[in-house]
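# Structure at a glance
Letter by letter, the chains look like this.
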Amino acid sequence: MATFLYRLGRGAFRRRRLVALVWVALLFVAGFGAASASAPTSGSFSIPGTEAQRAFDLLDQRFPGMAADGATARIVIKAPEGAKVTDPGTKTEVEKIVSELKSGPGAQQISSVADPYQSQAVSQDGSTAYVSVKYDVSGMELTDAARDALKDSGKEATAAGLNVQIGGDALMETPATGSGEIIGIAIAAIVLVITFGSLIAAGLPLLTALIGVGIGVSSITALANVLDLGSTTSTLAMMIGLAVGIDYALFIVSRYRAELAEGRDRDEAAGRAAGTAGSAVVFAGLTVVIALVGLAVVNIPMLTKMGFAAAGTVVIAVLVALTLVPAILGFAGKKVLPAGTKSRLFGKGRPAGAEPKANGGTRWARFVLRRPVMVLLAGVIGLGIIAIPASKLEMGLPDDGAQPVSTSQRQAYDLLSDGFGPGFNGPLMVVVDGDKAVADKTVDQIKGLQGVAAVTPPNLNKAGDAGVITVIPKDRPSSVQTEDLVHEIRAVSGDEVLVTGQTAMNIDFSQKMNDALLPYLALVVGLAFLLLMLVFRSILVPLKAALGFLLSVVAALGAVVAVFQWGWLGSLFGVEQTGPIMSMMPIFMVGVVFGLAMDYEVFLVTRMREAYVHGERPGQAVVTGFQYSARVVVAAAVIMIAVFAGFIGASEQMVKMIGFGLAVAVFFDAFVVRMAIVPAVLALLGHRAWWLPKWLDRLLPNVDVEGESLRKHLDGTPDSPEGPDKDRELVNV
């Protein structure tokens, strides 16, 4: 592996014009495809194997068009205090809204507009009414004219003194991330400048990461409609791809500069950087890809596609680091030389080839080695305390009730709750696979349940062999009481009665997430454990890595619960409305954070193993690993935290929550687990940390991440690339 990557990096350096041209061409092709493709939709949402999904499938068969996933909207009108929506003047304004929607701009995308006075959409006290609007297309596919017509529909009524608010997914737009990610990139640039002491060296990882993310996100956009990718897929791919892209390039550039400091020629330094740090990049990237692709085990198409799309972006980031980064290093010339040869910002001005002086990483490692038990207990207990809120985790999917109180969607939600009851925003759809007698019996059974506010008579299809019953719960959609009601209806009804609707879909989705969490965790951690065992030739080091990850991810979930569910420091992070944690959050964090956490494990511990293999004692190997890698790992972590934190400013609640969760998880994992707990555990284990049974050592292939075989070849052996047989192909794995 190391020898192959050495040849790849050196070849990219020498053929830099061709390599750069290929990547620029790929960026152009992907960009052209994205610009030519139609706007991405919200993506279809299905949960195979659940009762709610079976009900929707039955609706498709018995009620053609009823289960269509076109956008919907509710225009909620509330009369002034002391007045009613049935008053002649108010009624005229409401009917004008209905008329303008039917004949105004964008009317061709509307399938129906329900007059509230004919559809009995007026509250019992007469204070509130709503106009139901159904569209033929999803919210992401609405034209600007149709969306503007919907937003403007209540302006005249508002001017007349009515309170008009609009809710529903018809107002859904592409998630806006705001300026937060720009700030994140700016912070990353500052960190890189401080780390490298060179604007050219600092700009190189940013440039290559942006090229890789540009190719990945543009490809996703170009294929969004073909592959039915959701509108948030590209945002999440950009979040992960940008973070790992900067980090991977950072490690290659850092190792390249270290090789130059040892007096290597530039092409040789590029090859060695790719052969050593590049090996760590490959295996770190593999752990991220395993974690993301493993999301397929959940068996939810939307989540699977998000995982594969993000994994594709990570693969591009790895390829960019191994080929484009060495190529651009060739263009940079001496401007990317170690700053120690031209300033005192990096390396204290040490001459090339001299031993580096003790730095902050060295001093910290020695401190941990002196007090390993204290550091270990402090880290574990601290993260354990932060993880306590995770025991109160409540999961659900956000609806308009989770929107900020300043939005029209949230105000419409509140008006409907006040006028029609809390459960009106989350009606249950009960699908009966039977005739009228079965449907009537089902209605009687449901009416006897405690949590029911209202039940409509069954609506039978033309054949009379299926019916639909609407049930209004007494409590809000995301409440525990409504979830209990769904389970009660399913318990008292027979197999021919299925409960669905958005609320039931959310409940089934959360349950499916819970059921899949442990199998997914076992799959991802198991595969990554085997991968890390190959890398480190050890059993205890991968085990320690996995346990440390579990500690950091549970602590991060505790922080997410505290902020987004309990509201602690919510205003600081722009959380206007608390509520259940998004159902996919735990399993998504497990996947993404595990992959990213292993990045630091590979980059940091690989240097330690390299020193140990070369004869250093276990404690000194820990110090050496920190001496060479701590500065870069800290910089990489700060960059990744900055990039993820930039997405906290997103308008989409899901993106905001994921950005916060990933930023906190990386902070815990990098600075507490990898920089404190890991050296403490290694100090306590000593030689035992690197123990591997001899029979297992013979079975496992030698991937040589630390580049030991490469070093032997390059030190003058006959078949070295530097020797007489330099063209001979060397395969290490």
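A brief structural summary. Small disclaimer: the values here were computed from a predicted structure and weren't measured. (Residues numbered from 1 in each chain as written. Predicted model: local features only at pLDDT ≥ 70, side-chain atom pairs only at ≥ 80, totals over all residues. Heavy atoms only, no water.)

From N to C terminus, the protein chain includes 23 helices and 11 strands. Considering only contacts within the protein chain whose residues lie at least 6 apart along the sequence, 78% involve residues at least 24 apart. Roughly 30,100 Å² of accessible area belongs to the protein chain as shown, and the carbon and sulfur atoms make up 59% of that amount. (Helix = DSSP H or I, 4+ residues; strand = E, 2+ residues; numbered from the N terminus. Contact = heavy atoms within 4.5 Å. Areas by Shrake-Rupley, 256 points an atom, 1.4 Å probe, with all protein chains shown as cover.)

With that settled, the discussion passes to the sheet that holds strand S1 (residues 72-78). Spatial ordering of the open sheet is given by S2-S3-S1-S4, a layout of 4 strands whose pairing is antiparallel. Among the strands making up the open sheet, the edge pair consists of strand S2 (110-114) and strand S4 (163-167). Along the sheet, successive strands turn relative to each other by an average axial angle of 15°, direction set aside. Note that S1 and S4 share 5 bridges and pair antiparallel. Within S4, the residue paired with Ile 75 across the bridge is Ile 166. Across the sheet, helix H14 (residues 408-420) is in contact with S1, strand S3 (128-135) and S4; its angle to S4 comes to roughly 110°. (Pairing = 2+ DSSP bridges. Axes fitted to C-alpha atoms, helices over the stretch in contact; angles between N-to-C directions.)

Bringing the environment of Val 468 into the picture now. Note on placement: Val 468 falls in strand S9 (residues 467-473). Sequence separation between Val 468 and Phe 63 is 405 residues; the distance between their C-alpha atoms is 9.3 Å.

Moving on: the nonpolar core. General note: in soluble globular proteins, nonpolar side chains tend to be found buried as a group. By size, the foremost hydrophobic cluster in this structure holds 166 residues, and its most contacted members are Tyr 248 and Leu 303. No other element matches helix H21 (residues 653-685), which puts 19 residues into this core. Counting residues in hydrophobic clusters, the runner-up holds 22 residues, among them Ile 110, Ala 146, Leu 150 and Ala 157. (Core = buried A, V, L, I, M, F, W, Y, C linked by side-chain atoms within 4.5 Å. Buried < 20%, exposed > 50% of the residue type's maximum accessible area, 1.4 Å probe, protein only.)

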